[in-house]
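In case you want the letters, here they are:
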Amino acid sequence: MRVNLTVNGQPRSDEIEPRLLLVHYLRDVAGLTGTHVGCESTLCGACTVLLDGKAVKSCTVLAVQADGASVTTVEGLAKDGKFHPIQDGFWEEHGLQCGYCTPGMMMAAVDLLSRTTNPSEDEIRHALEGNLCRCTGYQHIIKAVQYAAEKMRAAAGR
Amino acid sequence: MAVVPKFVGERIKRREDPRLISGTATYVDDVRLPGTLSAVVLRSPYAHARINSINVDAARSAPGVVAVLTGADLKDKVGGIPCVAPAEHIPFHPLLAQGKVRFVGESVAVVVASDAYKAQDAADLIEVDYDSLDAVSDPEKALEDGAPILHEEFGTNLVTRALVPNPAVDEAIAKADKVIKFRIVNQRLAPVPMEPRGALADWHQALGHLTVWTSTQIPHLLRSALAAVLGLPENRVRVIAPEVGGGFGAKLNFYREEALVGYLSRMLGKPVKWIERRRENLATTTHGRGQITYLEVPVKNDGTVLGIKAKFICDMGAYLQLLTPAIPGFSGLMMTGCYKIPAMSFEQVMVFTNKMATDAYRGAGRPEAAYIAERTMDMVAGELGLDPVEVRRRNFIPKDAFPYTTCAGLVYDSGDYNAALNKALEIVDYPKMRAEQAEALKHGRYIGIGIASYVEICGIGPSAMLPPKVPGWESATVRMEPDSRVTVLTGISPHGQGQETTFAQMAADAFGIDIDDVTVVHGDTAIVQYGVGTFGSRGLSVGGAALMMSVGKVQDKLKKIASTMMEAPPDQLTFTNRTVALKSDASKSIPLQAVVDAAYGWKMPIPGMEPGLDATSVFEPTGCTFPFGTHISVVEIDPDTGVVKFLSYVAVDDCGNIISPLLVAGQVHGGIAQGIAQALYEEVVYDENGQLITATLMDYAAPRAQMLPRYELAHTVTPSPLNPMGVKGVGEAGTIGSTPCVVNAVMDALKPLGVRHIDMPLRPEKLWRAIKDAKKA
Ligand code: FES
Ligand code: FES
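A quick note: this is a predicted structure, and the numbers were derived from the prediction, not measured. (Residues numbered from 1 in each chain as written. Chains lettered and ligands numbered in written order. Predicted model: local features only at pLDDT ≥ 70, side-chain atom pairs only at ≥ 80, totals over all residues. Heavy atoms only, no water.)

**A closer look at the overall build of chain A**
Counting its regular elements, chain A contains five helices and five strands. The order of α-helices and β-strands along chain A, N terminus first, is β-β-α-β-β-β-α-α-α-α. Radius of gyration (C-alpha) of chain A: 15 Å, near the 15 Å computed for a compact globule of 158 residues. The burial tally for chain A puts 59% of its 158 residues in the buried class. When contacts within chain A are restricted to residue pairs at least 6 apart in sequence, long-range pairs at least 24 apart make up 58% of them. Here chain A has roughly 6,100 Å² of accessible surface; of this, 50% comes from carbon and sulfur atoms. (Helix = DSSP H or I, 4+ residues; strand = E, 2+ residues; numbered from the N terminus. Rg over C-alpha atoms; globule rule 2.2 N^0.38 Å. Buried < 20%, exposed > 50% of the residue type's maximum accessible area, 1.4 Å probe, protein only. Contact = heavy atoms within 4.5 Å. Areas by Shrake-Rupley, 256 points an atom, 1.4 Å probe, with all protein chains shown as cover.)

**Section: the sheet that holds strand β7 (residues 158-164) of chain B**
Residues and elements named next belong to chain B. Strand order in this open sheet of five strands is β7-β15-β14-β13-β8, and the pairing throughout is mixed. Every interior strand has two partners, whereas the edge strands, β7 and β8 (178-189), have only one. In this sheet, adjacent strand axes meet at a mean angle of 10° when their direction is disregarded. For strand β13 (residues 288-299) and strand β14 (residues 308-317), the ladder comprises six bridges, and the chain directions are antiparallel. Residue I292 lies in a different strand from β14, and its bridge partner there is I313. (Pairing = 2+ DSSP bridges. Axes fitted to C-alpha atoms, helices over the stretch in contact; angles between N-to-C directions.)

**Side note on the pattern of salt bridges**
Residue and element names in this part refer to chain B. The full count for this structure, using the stated rule, is 60 salt bridges over all chains. Residues K251 and E195 are paired through a salt bridge, measuring 3.3 Å at the closest nitrogen-oxygen approach. A residue pair is termed long-range when its members are at least 10 positions apart, and K251 in the loop between β11 (237-240) and α7 (256-268) and E195 in the loop between β8 and β9 (198-204) qualify at 56 residues. On the basis of relative accessibility, which here comes to 5%, the residue E195 falls in the buried class. Among the salt bridges present, the one from K432 reaches E436, with a minimum N-O distance of 3.8 Å. One end of the pair is K432 and the other is E436, both in helix α13 (residues 430-442) and four residues apart, which spans about a single turn. Shared partners join several salt bridges into a network, and the residues in it are R43, R197, E257, E276, R277 and E280. (Salt bridge = Lys/Arg side-chain N within 4 Å of Asp/Glu carboxyl O.)

**Considerations on the confidence of the model for chain B**
For chain B, per-residue confidence averages 96 on the pLDDT scale, and residues scoring 70 or more make up 100% of the total. In the predicted complex, the global pTM is 0.96; the interface-specific ipTM is 0.98. (pLDDT = per-residue confidence, 0-100.)

Printed below as a string of structure tokens:
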């Protein structure tokens, strides 16, 4: 089957098996290995990407379901050689250790920050409940998201 | 030129992070080699069964399939998975089941195909004819007469029995005011690194050389084991630990699949990759803990503990992995905790069960010990009507007693247990908190305050403490390159701990250069000298000490050369701001680069001196370090639902000197999260037939962000005398302090209801029932 979609702003067209999962399409067809697989069952969030701006777990979306859509992965976060504020936040606040959950965690956070500009600690914990991190105990991840929120508010002049 | 700052002790952002946050890091599954084939393992659905026959015909002819192997194909062609710890009964541990399966998930066949989807399709076509056998999953039942025997050749399910007798304990029991007896369980846990295991093997026929990328904590030890199992010369095997997505002890091991991909790649002449799925991870990656302990504790009425006598039943699982029977020993030896308990004795009975093997999981035996020691202190306080703080103070090893030899024969390097306890009490405002608790109770609110003063073993360790093939030393090479930048090759294999940053801090300060001028390399046996690996909180205290030895050697050479150039004695020289300068007068200096130029032989001023600037060292510690601390949590239990809510969590840890405060905080946070998870949420559950119930992340409750509190951290600093940095290690401290701290808090909350002890995990349902039953009674 043929799918046409935009990945990190680049249009693509590929011939694929109908059963191919979006995460495997991104990793094996598009060659973007920044999106990870941690459970292949919607339970860990390692595979989180943005599908038309909304966070989805790409291990439970078929690539053909994304036909015509626009996908953003961790590789698409930085712009003009500059990290996205969420990337700065994770780096600045030590929001990662092994880094395996990090791409998915950041995509879920970007989704949150697109909906609310000044989330409380509780809102952040809640918004990230679909994303498991085994290393950090979450506290520095929360700080990372707060850091990004503040930076994004400042940039937007709010 | 700008002044080069100092880095040790500063808040330094990690140097590992740019590749990780940009999605450009390379984990095993991200390594791409042209023509790679995918392997999928067919696993046993039974806990215990005889294999009558396996029909692979349909699988072999399925589309894309290149090979299908069963146990019969491997018989006598490869070795088994090694267990290096001593035990009475060590069974052969095959790569694929030989005639019998002994746990759910045991590998039965492997399919290799052009991609993983096709390999899985083909695996589904394999027909295995099993005769199901009775299984035993309860370790206490495994030794009963008539229990199903896992390994017939032994005629028993006993792995080994370890005895550390001491008649003084029985004497203490005879003359004690009171003997407190109880049974506690450290339940089985799954380490659940977010990156499951995975391995990629690439055999080069013409070179007779095998390269294996694998998600491991011990690339060098794994190379040795792999070469032995496959019958290859060790200098023709290269193991690479690329980016590793967490280990927690689960990757301090050598697994069937790592050997299988090596065998298959050699057989097929193509790269072969196997990536573990989460279901496989929960079933076939080592578990941790799994100990039942019966305790007898003789005490005086004033709270003085006179001894501890313990019997452990240790659930080893169906086969023994690398260190399986070595783990319980730490629990026994450390169960006297921070206390000057004059006598202890224990018996450990390790048994086979129809389950995955247990082995190291963050803390590896010491969390169990701290749980025993700290539950004991609270039991003593409860039975004698004393304050738990008072009981701890009465029994603490005093600060002037260090180095202190415990009744188990361990030598604690340094400590000040009261200081950490006092600091934690101050932060929570203990007297005020107790008053609030009493007040709340009047209104039917159950608040509990839990204290745990832990001590643990780090910097593992002197080689004599460990099995021969897992030594305790560590290696490091330091090379100052011709442009005066530094390359560090370390034998440890960090996978999230951040030594690319801490080691760079240390090397930069030592040579007076910028942190960006240091590169730290690890995890590739073809590049790095033989090393041991990252586990037991040894990265900094042992690996870092090896680094400083090599740094010292390179410094010495630079100083010798500089001394001839500056006409000053070498011991008067120091490194600062990219110069070699007089200690007494930094303005009298020469550029470091000039000395480096000389060292590389272009202007070598010392005749006969070997050109070049590198040194390799091995640090063999003379003893372990013993970090300690006090954690205090305050919780409230909702009597209607049994839900535990955290009101506060305070951790005061003493890990000696701190190189990187940011990274220490990260380690403590992550450790606390895993320890709270043991106390409240996690448990690997097998039913009585050995079926694995917790086979997905839906059933295995690894905690999510809203299940954990905010942690408040503080430190006391008691340097270790055993390494040049005075560090102790911090990788496991959080896990060790937090579990008993939280259980003690919950039990404290339920004390007014007469609840004495409930085994972990303290899930709402269990607490709700206990509260209901207590209220009825
Ligand atoms: S891999 Fe998709 S949620 Fe875990
Ligand atoms: S940083 Fe390792 S799982 Fe989150």
